[in-house]
Amino acid sequence: MLDQQDAPGELRHRLRGTVALLRMIIRKSSESRSDLDSYMGLLEDRLDAIARVQSIADEQGAIELQKLLADELLHYRPLEGVRVRLAGPELALQPRMGQVFALAVHELTVNAIEHGALGSDTGRVDIKWRVSAAGTESKLIFVWNENDTATVGKPSRQGFGTEVLTRTLVYELRATTNLEFEPGGLRCTIEFPLP
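Residues numbered from 1 in each chain as written. Predicted model: local features only at pLDDT ≥ 70, side-chain atom pairs only at ≥ 80, totals over all residues. Heavy atoms only, no water.

> Lay out helix 3 (residues 65-75) in plain terms, naming residues and giving numbers.
Buried within helix 3 are the following residues: Leu65, Leu68, Leu69, Ala70, Glu72 and Leu73. Backbone geometry just downstream of helix 3 places arginine 77 in the positive-phi region, at approximately 75°. (Buried < 20%, exposed > 50% of the residue type's maximum accessible area, 1.4 Å probe, protein only. Helix = DSSP H or I, 4+ residues; strand = E, 2+ residues; numbered from the N terminus.)

Below is the structure:
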């Protein structure tokens, strides 16, 4: 629970972080679409992802990873256990970390629906995560693995989703992201230090 004296400062800090994330989403979404309708659709979809993650945060703003994944995937209706499998330990992400990671999960989900495993009748997504401890630092290792999809190659252009995965996560979370475009589908591995 927040100390009463620290509460206003912590809330201001969280609000500034959220506003900065929203500005980035608005600016980058405008670069990827040429007409107003598609821009507005993308923008609303991404803002909804941030609103969903805000709604599952606890009093301190921490976000449970499994809940974040389940809420995002259920929003698009794939059935956990049938088309999507989640496996990993209970883990709560700090507010800013959770928001940024939620945006990455959103982009992976939308890509899987539009171009990957969740766009076919037989496709599946296996999502696994674990915490690795080395010395004094713990690290989240997250793997998104698509199976039985028609996707066979690297996309011809890098859009907003790829930028979130390869640049925003690096800047915001000190993450490393590895995207592998395998014959069966996308495999994305994200690793970043946990406080």
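> Any details on the nonpolar core? Residues and values, ideally.
Among the nonpolar cores identified, the biggest contains 40 residues, and Leu69, Ile127, Phe142, Trp144, Ile190 and Phe192 are the most heavily contacted of them. Elements with a contribution of two residues or more to this core: helix 2 (36-56), helix 3, strand 2 (84-87), helix 4 (95-114), strand 4 (124-134), strand 5 (137-147), helix 5 (160-173) and strand 7 (185-194). Per element, the largest residue contribution to this core is 9 residues, and it comes from helix 4. Apart from residues no more than four positions distant in its own chain, isoleucine 127 is found in contact with Leu69, Leu73, Val84, Arg85, Leu86, Ala87, Phe142, Val143 and Trp144. (Core = buried A, V, L, I, M, F, W, Y, C linked by side-chain atoms within 4.5 Å. Contact = heavy atoms within 4.5 Å.)

> Run through the pattern of salt bridges, naming residues and quoting values.
Counting across every chain of the model gives 5 salt bridges. Among the ionic pairs, arginine 52 bridges to glutamate 72, the shortest N-O distance being 2.8 Å. Residue arginine 52 is found in helix 2, and its partner glutamate 72 is found in helix 3; the two are separated by 20 residues along the sequence. Judged by its relative accessible area of 14%, arginine 52 is buried. With a closest N to O distance of 3.9 Å, glutamate 137 and arginine 174 form a salt bridge. Placement of glutamate 137 in strand 5 and of arginine 174 in the loop between helix 5 and strand 6 (176-182) is noted, with a sequence separation of 37 residues between them. (Salt bridge = Lys/Arg side-chain N within 4 Å of Asp/Glu carboxyl O.)

> Break down the confidence of the model for the protein for me, citing the residues and quoting the values.
Looking at the protein, pLDDT values average 80 and 70% of them are 70 or higher. With pLDDT under 50 throughout, residues 1-5 is counted as low confidence; its partners more than four residues away or in other chains account for 6 contacts. (pLDDT = per-residue confidence, 0-100.)

> Describe helix 4, with residues and values.
The terminal C-alpha atoms of helix 4, which comprises 20 residues, lie 29 Å apart, in line with the 28 Å expected from a rise of 1.5 Å per residue. Counting buried residues along helix 4, 16 of its 20 residues qualify, which places the element largely inside the surrounding structure. (Expected span 1.5 Å × (residues − 1).)

> Tell me about the environment of leucine 179, and please be specific about residues and values.
Inspection of the secondary structure assignment puts leucine 179 in strand 6. Judged by relative accessible area, which is 23%, leucine 179 ranks as partly exposed. For the pair leucine 179 and threonine 189, spaced 10 residues apart in the sequence, the C-alpha separation amounts to 6.7 Å.

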